[in-house]
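Breakdown of the fold
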Amino acid sequence: MKAICIAGSLLLVAAFLVGCSDRNTPAAPRLPSADAATAAQNGGSLVELSRPNAVGTCDDGFGGGAWPVDEASEPSVAVNPVHPSNIVAAWIQGPFQDIIAAASFDGGQTWQRVPVPLTTCAGGQFLGAGDPWLSFAPNGILYGIAASGNTISSAIPEVMRSADGGLHWTTLVPPGSSSVDPPADHPSVTADPTNATFVYAIWNGANSPHSTAAVFARTTDGGSTWETPRPIVQTASQSFIQFSQILVLPNGTLVDLYEFYAQQPNGPITQTSLQLLRSTDQGETWSAPVNAVTMTPVYLPSGYTLVVDPETGQFVQDPTNPSFSVDMQSGNLYAVWEDGRFSNFQYNDVAFSMSADGGVSWSTPIRVNQTPLDIPTANRQSFLPSVAVAANGTIGVSYYDFRLNDPNPGLPTDRWLVRCRPGLNSAATNPACWTSEARLTNSSFNMENVVPNFGGAFFLGDYFGLASAKNDFVATFTQPDGGNVTSVFFARSGNK
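Bear in mind that the values here come from a model prediction, so they are computed numbers and not experimental data.

Rules used throughout
The residue numbering used here restarts from 1 in each chain and proceeds along that chain's sequence as written. Only residues with pLDDT of 70 or above have their local features reported here, since the model is predicted, and side-chain atom pairs are shown and tallied only from 80 upward, although totals for entire chains, interfaces and linings are computed over all residues. With hydrogens and water stripped out, all remaining heavy atoms of the structure feed into the side-chain values. Secondary structure is summarised from DSSP: a helix means a run of H or I of at least four residues, a strand means a run of E of at least two, and numbering begins at the N terminus for each. A 3.5 Å cut-off defines polar contacts: any pair of N or O atoms within that distance qualifies, except that in protein one atom must be a possible hydrogen donor and the other a possible acceptor, and neighbouring residues in sequence count only when both atoms are side-chain atoms. Contact between two residues is taken to exist if any of their heavy atoms lie within 4.5 Å; hydrogens are not considered. Disulfides are defined as pairs of cysteine sulfur atoms found within 2.5 Å of each other. Under the pairing criterion, centres of Phe, Tyr and Trp rings, with the six-membered ring standing for Trp, must be within 6.5 Å; the plane angle then separates stacked pairs below 30 degrees from edge-to-face pairs above 60, leaving the rest tilted. For a Lys NZ or an Arg CZ to count as sitting over a ring, it must be within 6 Å of the ring centre and within 35 degrees of the ring normal. Values of pLDDT, the confidence the predictor places in each residue, fall between 0 and 100. For two strands to be treated as a pair, DSSP must find no fewer than two bridges joining them. Every angle, taken between N-to-C directions, lies between 0 and 180 degrees, and every axis is a line fitted to C-alpha atoms, over only the stretch in contact when it is a helix. Within this scheme, the nonpolar core is defined by two criteria: the residues are buried Ala, Val, Leu, Ile, Met, Phe, Trp, Tyr or Cys, and they are joined through side-chain atoms within 4.5 Å. Each residue's exposure class comes from its accessible area (1.4 Å probe, protein chains only) as a fraction of the maximum for that residue type: buried when under 20%, exposed when over 50%, partly exposed otherwise. Every case where a carboxyl oxygen of Asp or Glu lies within 4 Å of a side-chain nitrogen of Lys or Arg is listed as a salt bridge.

Attention now moves to the side chain of Ser273. Along the polypeptide, Ser273 turns up in strand E16 (residues 269–279). Of note is the side chain of Ser273, whose polar atom sits 3.3 Å from the side chain of Asn291. In this view, Ser273 contacts Tyr258, Glu259, Phe260, Asn291, Val293, Thr294 and Met295; residues no more than four positions away in its chain are not counted.

Have a look at this one:
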């Protein structure tokens, strides 16, 4: 039945495979997974961060036992601009139960794990927490944010601060957070790199089941006090905001970038784009939102991006989160996301676009993932990208793909880093610039060993960390370890 692989979309392949699968068929043998020991043997820099579990066997029951508390997801990473050897990662431990941080003071060689005191297992007040995000201020103070609560519907953004490089944390709650379009989702925090006293937080507010808002809060005194949160974007009915993030240009202008999409009840997504608004007074006032770039992912009917196991038809959860970065030397803005336009909408590639004028105009999207095109169609899927900029202006984009999949049981999966040095080879808008690629995984992991989410899709997380340490890139991502526990790993890649 291989003829189905020439169908216009992998969705047809998935429908066929799921419809023909036999739930009583014995499970296929599992492939070995990469782990820290393997990395050491291979001379690589892959380090497992999330095991052993920093809260031990503590389980407050949040998530209803959806998966074991050792499973980890959604890692963020940040590098101290004052001491670049100080790297900090944070992730969700267990089924949205705890936020764990890990701090390194030797460039990522060794790490100290620290439970962040948000949840009961870590000495805090809440049962659950998720969606961590990190940002260093120019004076070396580290800020974090996470959605925390005793139920998903009551989640509020909790801001955290560390003055010692991620070893100790205090919580700072923006006043009124619980009353502005709850629950909070996908919060992010940005410490202003041009002024250490300003820190900006933004999150998705669920104004109603039919629309969302971008809710913004700021501190003007390094986190000691916070202004009352307020919506700065409110969508019309049946339109939604996904993953707002504040970026600061070298001249101090703030840019809020986010994904905008329209979707009718129980219907497909009919419009997706990147939108933005600006502030020239450090967030006191904001412009009206404008469209930046049209996104054209291959979607599932549910609205998630299509990523499917070529053999079994089981989906990988992918909410189409774009990723953004800014070059603090040139002021260039960069965005990456999954898009079907390069394959005639058979599968998703990684799209890249940039703005050299503060977001006023954007380049035509190009394909930047280096997944080979001479392999079976279903193995060309590339997904869950992240973008960052090194000190020398090199742009890095990390992503997963199935390029090493073969007819044997299991689904070999890898994470990659592709780089472009604008001006050295060619402009970043030229695909020829994107030829330097590094493999972040030391060996392929089996996607079929990844813990499924509540709906049965493989769940690696909604986003992954990528940052720069001088001219190197540092990445955090998830994969099963040697014990087939989905774990957070760190990799460092030198600039070539």
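Let us keep going from here.
What follows is about the state of the cysteines. Taken as a whole and assessed by the stated rule, the structure comprises two disulfides. In this model Cys58 forms its disulfide with Cys121; the gap between the sulfur atoms is 2.0 Å. Negative torsions about the S-S bond denote left-handed disulfides, and the value of about -80 degrees found for Cys58 with Cys121 makes this one left-handed. Residue Cys58 is located in the loop between strand E1 (47–48) and strand E2 (72–79), and its partner Cys121 is located in the loop between strand E5 (112–115) and strand E6 (128–136); the two are separated by 63 residues in the primary sequence. By sequence-ordered numbering of the bonded cysteines, the protein chain has its disulfides arranged as 1-2, 3-4.

For the coordinates displayed, the defined rule picks out 17 aromatic pairs. Seen in terms of ring centroids, Phe243 and Tyr463 are 6.1 Å apart; in terms of plane orientation they differ by 15 degrees. Their pairing is stacked. Taken together, the residues Phe243 in strand E14 (residues 239–248) and Tyr463 in the loop between strand E26 (445–446) and strand E27 (465–469) connect sequence positions 220 residues apart. Members of the aromatic cluster, connected to one another through ring pairs, are Phe383, Tyr400, Phe402, Phe445 and Phe464. Seen from the ring of Trp416, Arg403 lies directly overhead, with NZ or CZ sitting 3.7 Å from the centre.

Here we come to the confidence of the model for the protein chain. For residues with low pLDDT, the predicted coordinates do not support detailed interpretation. Confidence in the prediction for the protein chain averages 88 pLDDT; 88% of positions are at 70 or higher. Below a pLDDT of 50 lies the segment residues 1–8, which in the model reaches ten contacts outside its immediate sequence neighbourhood of four places, other chains included. Scored below 50 in pLDDT, residues 15–44 makes 49 contacts in the model with residues more than four places away or belonging to other chains.

Attention shifts here to the sheet that holds E6. One key point about sheets: their strands pair by backbone hydrogen bonds, in either a parallel or an antiparallel sense. Taken in spatial order, the four strands line up as E6-E7-E8-E9 in an open sheet, and their pairing is antiparallel. Single-partner strands in this sheet number two, and they are E6 and strand E9 (170–172). The sheet shows a mean angle of 30 degrees between the axes of neighbouring strands, direction not considered. With seven bridges connecting them, strand E7 (residues 142–149) and strand E8 (residues 156–162) associate as antiparallel partners. By the bridge assignment for E8, Gly144 is matched with Met160.

Among the nonpolar cores identified, the biggest contains 24 residues, and Val316, Phe383, Tyr400, Phe402, Met447, Leu460 and Phe477 are the most heavily contacted of them. Residues contacting Phe383, with those up to four places away along its chain left out, are Val307, Val316, Asp318, Glu338, Tyr399, Tyr400, Asp401, Phe402, Thr413, Arg415, Met447 and Leu460. Counting residues in each nonpolar core, the second largest holds 19 residues, with Trp133, Tyr143, Ala201 and Ala213 among its members.

By secondary structure assignment, the location of Thr272 is in strand E16. The sequence separation of Thr272 and Asn291 amounts to 19 residues, and the corresponding C-alpha distance is 10.0 Å. Contact partners of Thr272, with chain neighbours within four places excluded, come to Glu259, Phe260, Tyr261, Thr294, Met295, Pro297 and Tyr299. At 2.8 Å, the side chain of Thr272 and the side chain of Tyr299 are in polar contact.

Relative to the elements of secondary structure, Asn321 occurs in the loop between strand E17 (290–294) and strand E18 (323–326). A sequence separation of 142 residues divides Asn321 from Tyr463, and the C-alpha atoms of the two residues are 7.0 Å apart. Setting aside residues no more than four positions away along its own chain, Asn321 makes contact with His186, Gln242, Phe243, Glu259, Asp462 and Tyr463. Only 3.1 Å separates the side chain of Asn321 from the backbone oxygen of Asp462, close enough to count as a polar contact.

With that settled, the discussion passes to the pattern of salt bridges. On inspection of all chains with the given rule, the structure shows eight salt bridges. The closest approach of N and O atoms between Arg403 and Glu437, which form a salt bridge, is 2.9 Å. Taken as a pair, Arg403 in the loop between strand E23 (395–401) and strand E24 (412–420) and Glu437 in strand E25 (residues 436–439) lie far apart in primary sequence, 34 residues in all. Note that Asp472 is salt-bridged to Arg492, the shortest N-O span being 3.0 Å. Placement of the pair is Asp472 in strand E28 (residues 472–480) and Arg492 in strand E29 (residues 486–493), with a sequence separation of 20 residues. Each of Asp401, Arg403 and Glu437 takes part in a single network of salt bridges with overlapping partners.

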